[in-house]
Amino acid sequence: MIITLQAAAAKLRAADKILVTSHINPDGDAIGSALAMLQILREMGKTVQVYIDDKIPQNFSVMPFEEEIRRPREDETFDADLLVVLDTAPDRIGEVGRLTDAPILNIDHHVTNKGDNLDLYVDADAAATCEIIFRLAHELGAEITMNIAVCLYTGIATDTGFFNYSNTKAGTFRAAAELVELGVEPNLISEQMEKRTVHDVKVMTAALQTARLFYGGKVAGMFIDEELSRRVDTTEGLVDLIRVIDSVDVAFLLTFKEENVCRVSMRSKGVEVSDIARRLGGGGHIRAAGCTLNKSFDESRRIIIRAIGEFMIERGYLRPVEYEDRAEISLADFNGDE
Ligand SMILES: [Mn+2]
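Residues numbered from 1 in each chain as written. Predicted model: local features only at pLDDT ≥ 70, side-chain atom pairs only at ≥ 80, totals over all residues. Heavy atoms only, no water.

A. Representation of helix H11 (residues 297–314) in the model. Here H11 spans 26 Å end to end across 18 residues, near enough to the 26 Å set by a 1.5 Å rise per residue. Taken residue by residue, H11 has Phe297, Ser300, Arg301, Ile303, Ile304, Ile305, Ala307, Ile308, Gly309, Phe311 and Met312 as its buried positions. (Helix = DSSP H or I, 4+ residues; strand = E, 2+ residues; numbered from the N terminus. Expected span 1.5 Å × (residues − 1). Buried < 20%, exposed > 50% of the residue type's maximum accessible area, 1.4 Å probe, protein only.)

What follows is the structure in structure tokens.
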């Protein structure tokens, strides 16, 4: 059931012991919204614990209380009276769902989240779940401390590509401005988020070597296979390396997760990639979406290339001659319009 922000606030007020979680492959918004929620609820005197069923990338240690995030152990339970799921529908929280039978309060900004059989507050116009938590904090009358502001700012900044993507609206800047007034230093957060080890840059170079252009250059993909995936700490920002190519509308990253499990993440400049993701059982935003394919890496590769091409020809983003062009071109061999 879709609920209002006021109703979401009332559910939080009524609960005493709260488990907060977010999605696997956590990004800045997933972690920032969970850690801000943790602090806001503790301010209100609640018992709160954050669980995320994944490894937390090193760069996010800039966020206060990051060290408190737990990963569920086998046979572990958590006796909560409310499970708060942030920045995703509950199908992407991994093993956290096993920890408790508590009712779910879902807060999200993904247009594909419909909230079947649970309480959902969704605002697809919010640039980040952190932007919603910012408003929720006001609704709850909670004080936004400097530590909370850092978490919220980080989530908003990372989900908007540092205020670059089309989800950046006036309201996004207003929230960010208020957080900066509370003491957040944007340059320090940017620096921390951009920071890469030499190893990471080497991996980035290796990832770029895998880049291929499809459909006459309108689609670009990068392929993190099993071998390369063992060397990658975070895939954050990788897809942006090819999204910027002038001929490209859809850029995607295919990552090996485990045997017969691959993750696709897509970014676009116009094409509704949320619809492509939805066809493949995933979801997301209009221009940033993803899905998980339970197939081998090679099979997943074929599926995603075909799905993007079919969607683009259906919607008129590709001319038949481009669609029929089955050539895969490496960056080294691509000449564009030259
Ligand atoms: Mn988000």
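B. Broad picture of the coordination of the manganese ion. Only Asp29 (OD), Asp87 (OD), His109 (NE2) and Asp159 (OD) from the protein coordinate the manganese ion, and they sit 2.2 to 2.3 Å from it. Each donor residue of the manganese ion lies on one chain, and together they are spaced D-x57-D-x21-H-x49-D. Residue Asp87 is found in the loop between strand S3 (82–86) and strand S4 (104–108), and its partner Asp159 is found in helix H4 (residues 146–159); the two are separated by 72 residues along the sequence. Accessibility classification places Asp87 together with Asp159 in one group, the buried group. (Donors = N, O, S within 2.8 Å, 3.2 Å for Na, K, Ca; no water.)

C. The arrangement of helix H2 (residues 28–43) in detail. The terminal C-alpha atoms of H2, which comprises 16 residues, lie 22 Å apart, in line with the 22 Å expected from a rise of 1.5 Å per residue. Of all 16 residues in H2, 14 are buried, a share of seventy percent or more. Phi for Gly45, located one or two positions after H2, is positive at around 85°.

D. How the structure looks around the pairing of strand S11 (residues 288–293). Bridging between strand S9 (residues 261–268) and S11 involves six bridges; their strand directions are antiparallel. Within S11, the residue paired with Ser265 across the bridge is Gly290. Connecting the antiparallel pair strand S10 (residues 283–284) and S11 is a turn made up of three residues. (Pairing = 2+ DSSP bridges.)

E. Seen up close, empty space enclosed by the protein. For the structure on display, the rule yields one cavity of 30 Å³ or more. Size it by volume and the largest cavity reaches roughly 70 Å³. Forming the walls of the largest cavity are Arg196, Asp200, Val203, Met204, Val232, Asp233, Thr234, Glu236 and Leu238. Here the residues of the lining of the largest cavity are counted per class, giving four nonpolar, one polar and four charged. (1 Å grid on protein atoms, 1.4 Å probe; cavity = no way out; pocket = protein on both sides within 12 Å on 5 of 7 lines; lining within 4 Å. Points joined across faces, edges and corners; volume = space filled by probe spheres on them. Nonpolar A, V, L, I, M, F, W, Y, C, P; charged D, E, K, R; others polar.)

F. Quick look at the nonpolar core. Counting 54 residues, the largest nonpolar core has Leu12, Val20, Ile133, Leu136, Leu152 and Leu179 as the members making the most contacts within it. In this structure, Phe214, Leu254, Ile276 and Ala277 belong to the second largest nonpolar core, which totals 28 residues. (Core = buried A, V, L, I, M, F, W, Y, C linked by side-chain atoms within 4.5 Å.)

G. Main features of the packing of aromatic side chains. In the structure shown here, the tally under the stated rule is seven aromatic pairs. With a centroid separation of 6.3 Å and an interplanar angle of 80°, the aromatic rings of Phe214 and Phe223 are classed as edge-to-face. Here Phe214 falls in the buried class, since its relative accessible area comes to 4%. Three or more aromatic residues joined by ring pairs form one cluster here, namely Tyr153, Phe163 and Phe173. When the ring centre of Phe78 is taken as reference, the NZ or CZ atom of Lys17 above it lies at 4.9 Å. Over the aromatic face of Tyr323 sits the side chain of Arg326, whose NZ or CZ is 4.8 Å from the ring centroid. (Phe/Tyr/Trp six-rings, centres within 6.5 Å; stacked < 30°, edge-to-face > 60°. Lys NZ or Arg CZ within 6 Å of the ring centre and 35° of its normal.)

H. Quick look at the sheet that holds strand S5 (residues 119–122). The parallel open sheet is built from five strands, whose spatial order is S2-S1-S3-S4-S5. What marks the edges here is a single partner per strand, and that holds for strand S2 (47–51) and S5. With direction set aside, neighbouring strand axes in the sheet form an average angle of 20°. Helix H3 (residues 129–140) contacts S3, S4 and S5 of the sheet and is inclined by roughly 115° relative to S4. (Axes fitted to C-alpha atoms, helices over the stretch in contact; angles between N-to-C directions. Contact = heavy atoms within 4.5 Å.)

I. Layout of the sheet that holds S11. Spatial strand order, S10-S11-S9-S8-S7-S6-S12: seven strands in an open sheet with mixed pairing. Sheet topology places S10 and strand S12 (329–330) at the edges, where each strand pairs with a single neighbour. In the packing of H11 onto the sheet, contacts are made with strand S6 (212–214), strand S7 (219–224), strand S8 (250–258), S9 and S11, and the angle to S8 comes to roughly 155°.

J. View of unusual backbone geometry. The residue Asp75 is not glycine, and still its phi comes out positive at about 70°. Structurally, the position occupied by Asp75 is in the loop between S2 and S3. You can call Asp75 exposed: its relative accessible area is 71%. Despite not being glycine, Asp87 has its phi angle at roughly 65°, a positive value.

K. Just a nonpolar patch on the surface, in detail. On the surface, Leu208, Leu241 and Leu331 cluster together to form a nonpolar patch covering roughly 190 Å² of accessible area. When you line up the elements, Leu241 lands in helix H9 (residues 240–243). (Patch = residues over 30% accessible without salt bridge, like charges linked within 9 Å, V, L, I, M, F, W, Y side chains within 5 Å. Areas by Shrake-Rupley, 256 points an atom, 1.4 Å probe, with all protein chains shown as cover. Salt bridge = Lys/Arg side-chain N within 4 Å of Asp/Glu carboxyl O.)

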